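Each chain, letter by letter, is given below.
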Amino acid sequence: MSQMKYDRFLNEISRRREPSLLRELFSLQVEAPEDAVFLMAGMPNPDTFPLVEGSLTLRDGRALTLSPKKMVDCLQYGPTPGYPPLLKQLKDLTQRLHEPPRWRDSDVVVTTGSQSGLFMAMEMMMSPNDYVLIEEPCYTGAISILAPYSPRYLPVNSDSEGMIPDSLKAALSRWRPKDAQDPLSDIPKFIYTIPTACNPTGAVTSEERRREIYKTACEYNLLILEDDPYYFLQFMDEEKFPSSYLRLDTEGRVLRFDSFSKIIASGLRVGWVTGPQPLIRKINLHKGASVISSASMSQVVVNELLEMWGDEGLRKHVREVRRFYHTQRDAMLLAAEKHLSGLCEWSVPAGGMFLWIKVGRISDTWSMVLERAMKKKVMVVPGQGFMTDSSSLCQYLRLSFSANTPLNMEKGLCGLAQLIREEIELQNSHQFLQKWG
Ligand code: PMP
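Each chain has its residues counted from 1, following the order in which its sequence is written. At least 70 in pLDDT is required for a residue's local features to be given in this predicted model, at least 80 for side-chain atom pairs to be given and counted, and no such filter applies to totals for whole chains, interfaces and linings, which use all residues. Side-chain figures throughout are based on the complete set of non-hydrogen atoms in the structure, without hydrogens or water.

Draft legend 1. Expanded view of the domain arrangement of the chain. What the domain assignment reports for the chain is domain 1 (7–310) and domain 2 (325–436). Note that the domain bounds reflect an automated or database-derived domain assignment. Here domain 1 and domain 2 have C-alpha centroids that lie 33 Å from each other. Counting residues at the interface gives 20 residues for domain 1 and 18 residues for domain 2. Once two parts are put together, the accessible area they lose, assessed with a 1.4 Å probe and summed over both, is termed the buried area. When domain 1 packs against domain 2, the two sides together hide about 1700 Å² of surface, and 69% of this comes from carbon and sulfur. Ranking the residues of domain 1 by area buried against domain 2 places Glu-136, Pro-200 and Phe-235 at the top, with a combined share of 37%. In what follows, salt bridge is the name for a side-chain nitrogen of Lys or Arg lying within 4 Å of a carboxyl oxygen of Asp or Glu. On inspection of domain 1 and its partner domain 2, the count reaches zero salt bridges. Here a polar contact is recorded for every N or O atom pair within 3.5 Å, except that within protein the pair must consist of a potential hydrogen donor and a potential acceptor, and residues adjacent in sequence are included only if both atoms are side-chain atoms. Here domain 1 and domain 2 share six residue pairs in polar contact (both at pLDDT 80 or more) between them. Working rule for contacts: check all heavy atoms of both residues, and any pair within 4.5 Å makes them a contact.

Draft legend 2. Inspection of the site of the ligand at higher detail. Among the 13 residues in the neighbourhood of the ligand, the closest are listed as Ser-114, Asp-227, Tyr-230, Ser-259 and Ser-261. One of the side-chain N or O atoms of Asn-199 is found 2.8 Å from an oxygen atom in the ligand. Ser-259 has a polar side-chain atom sitting 2.6 Å from an oxygen atom of the ligand. Within the complex, 90% of the 400 Å² of free accessible area of the ligand lies under protein. A single heavy atom is enough: if one lies within 4 Å of a molecule or strand, its residue is considered near that molecule or strand. Reported accessibility uses the Shrake-Rupley method at a 1.4 Å probe radius. Residues are deemed covered only where the shown protein chains occlude them.

Draft legend 3. Layout of the environment of Asp-73. A run of H or I in DSSP becomes a helix once it reaches four residues, and a run of E becomes a strand once it reaches two; helices and strands are each numbered from the N terminus. By the element assignment, Asp-73 lies in helix 3 (residues 68–75). Expressed as a C-alpha distance, the spacing of Asp-73 and Ile-191, which sit 118 residues apart in the sequence, is 38 Å.

Draft legend 4. A look at the pattern of salt bridges. A complete count under the given rule lists 28 salt bridges for this structure. Note that Arg-62 and Asp-60 form a salt bridge whose closest N and O atoms lie 3.1 Å from each other. Taking relative accessible area as the criterion, Arg-62 reaches 35% and is therefore assigned partly exposed. To sort residues, take the accessible area from a 1.4 Å probe on protein chains only and compare it with the maximum for the residue type: under 20% means buried, over 50% means exposed, and anything in between is partly exposed. The partly exposed category is assigned to Asp-60, whose relative accessible area is 49%. With its nearest N and O atoms 2.8 Å apart, the salt bridge here joins Asp-228 to Arg-256. In this pair, Asp-228 sits in the loop between strand 8 (223–227) and helix 9 (245–248) while Arg-256 sits in strand 9 (residues 254–259), placing the two residues 28 residues apart along the sequence. For Asp-228, a relative accessible area of 1% gives the class buried. By relative accessible area, which is 0% here, Arg-256 ends up buried. Beyond isolated ion pairs, a larger network of salt bridges with shared partners links Glu-226, Asp-228, Arg-256 and Asp-258.

Draft legend 5. Inspection of the packing of helix 4 (residues 84–98) against helix 11 (residues 296–340) at higher detail. Axes, fitted as lines to C-alpha atoms, cover a helix only where it is in contact. Angles between the N-to-C directions of the axes lie from 0 to 180 degrees. Their axes nearest at 9 Å, the elements helix 4 and helix 11 cross at an angle of 30 degrees. At the point where helix 4 passes helix 11, the crossing takes the left-handed sense. Here helix 4 contributes Pro-85, Leu-86, Gln-89, Leu-93 and Arg-96 to the contact with helix 11, which in turn contributes Gln-299, Val-302, Asn-303, Leu-306, Glu-307, Asp-311, Leu-314 and Arg-315. Partitioning the contact of helix 4 with helix 11 into residue classes produces six nonpolar, three polar and four charged. Crossing chirality is assigned from the near helix's rotation relative to the far helix, an anticlockwise turn below a right angle marking it left-handed and a clockwise turn marking it right-handed. When residues are grouped by polarity, Ala, Val, Leu, Ile, Met, Phe, Trp, Tyr, Cys and Pro land in nonpolar, Asp, Glu, Lys and Arg in charged, and all others, Gly among them, in polar.

Draft legend 6. Here's a closer look at the side chain of Asp-364. Tracing the backbone shows Asp-364 in the loop between strand 12 (354–358) and helix 12 (366–373). The positive count covers Lys and Arg only, the negative count covers Asp and Glu only, and His and the chain ends enter neither. As a buried residue without a salt bridge, Asp-364 has its nearest oppositely charged side chain in Arg-372, at a separation of 8.8 Å. Here Cys-394 takes part through its backbone nitrogen, which lies 2.8 Å from a polar atom of the side chain of Asp-364. If we skip the residues at most four places from it in the chain, Asp-364 touches Gln-384, Leu-393 and Cys-394.

Put into structure tokens, the structure is as follows:
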């Protein structure tokens with residue numbers, strides 16, 4: 001196994017991030033005699049906290065109780081990497097699910113949803129005008145992080161089997177693998193991808209493609225940012241899930257972003273990043289400086305829930321969530337077959353919450369949605385928002401099947417079909433006028 005060096009991936013700012021001097025002082029606490037008096041803590045006194053204990057009711061009727069001691073954990077600052085019992089559980093879970101080959105050189109940090117993990121990782125690497133390899137279409141939240149750097153995007157195409165390895169190779173064709181050794185080269189540092197139930201396409205990247213993409217990453221010394229919040233929402237048996245990039249990572253070049261948003265609760269804002277220790281250390285330094293620690297209450301609640309469930313309980317819960325979205329997807333497909341056949345094309349989403357449709361007979365969906373959709377009492381997201389070049393025309397729409405009843409999906413798609421038909425007529429009459437008017 002080669003020994004990775006991570007300097008190439010860090011920008012000026014993250015290179016300058018160092019632990020605070022006080023950290024050293026606090027680490028001495030561990031060896032302190034039992035009767036030592038600590039006059040250094042900057043933490044508030046828990047005796048002043050207004051809440052003392054609590055109880056939450058689970059959907060199955062069980063109670064999750066927060067004892068007075070747990071409540072102090074909920075209300076007090078915590079260590080930057082995460083609430084220790086939760087961190088331990090996340091490490092165990094990640095190890096069990098992905099069996100990372102470089103586990104001993106890896107670390108985990110709790111994040112405020114995976115979004116904050118992505119933000120910190122990109123902030124660690126990006127400099128203005130950098131080239132960026134990004135799966136397209138792509139999660140808008142990633143584009144929001146990247147856009148202020150005015151990146152030179154190298155979009156990598158995807159289809160119903162996810163990111164296309166040949167498109168990645170084509171995007172890299174202006175460089176040679178050895179350029180990655182040249183500190184002055186402008187070769188990209190990472191590939192950003194959503195391999196499972198991609199938002200917006202719903203595609204799951206096949207195992208074969210993942211292996212090929214990983215090989216290219218090794219060849220060009222790239223990191224892979226594996227943004228995987230829909231990991232548990234693949235509509236297939238768990239044994240058939242393709243290997244995560246983390247599982248394939250024999251060299252230490254994957255940063256994996258997980259989240260409880262889609263399987264427990266998005267508002268708790270609990271996610272985690274797994275990756276090579278030197279990179280997680282930098283993310284921790286960013287996190288310490290920006291938020292000190294993630295919200296303790298959320299971390300304690302997730303920890304208690306996971307403890308209560310155990311492995312089997314968590315599996316059972318995610319199976320139920322998966323089944324729910326699978327049924328929702330089927331309802332959406334049924335409504336699409338009924339109303340959009342002949343008007344639109346789509347691939348069956350292999351997971352997640354979205355149907356990505358192409359409206360081939362109109363040149364762009366933006367004005368149709370923004371100016372006319374509400375009149376038909378339906379709202380969808382125009383595809384342009386998921387493209388790196390937001391000024392180009394886009395024939396796609398993203399429809400969500402997460403929160404609507406089958407009846408509402410049916411109603412919504414009926415309205416959408418009318419909207420599209422009218423848009424086609426409008427477009428045809430414009431073209432007629434342009435030609436003959
Ligand atoms: N990545 C992708 C692909 C997403 O779809 C989302 C949420 N929509 C996120 C990251 C952020 O999720 P969270 O911060 O809630 O974990």
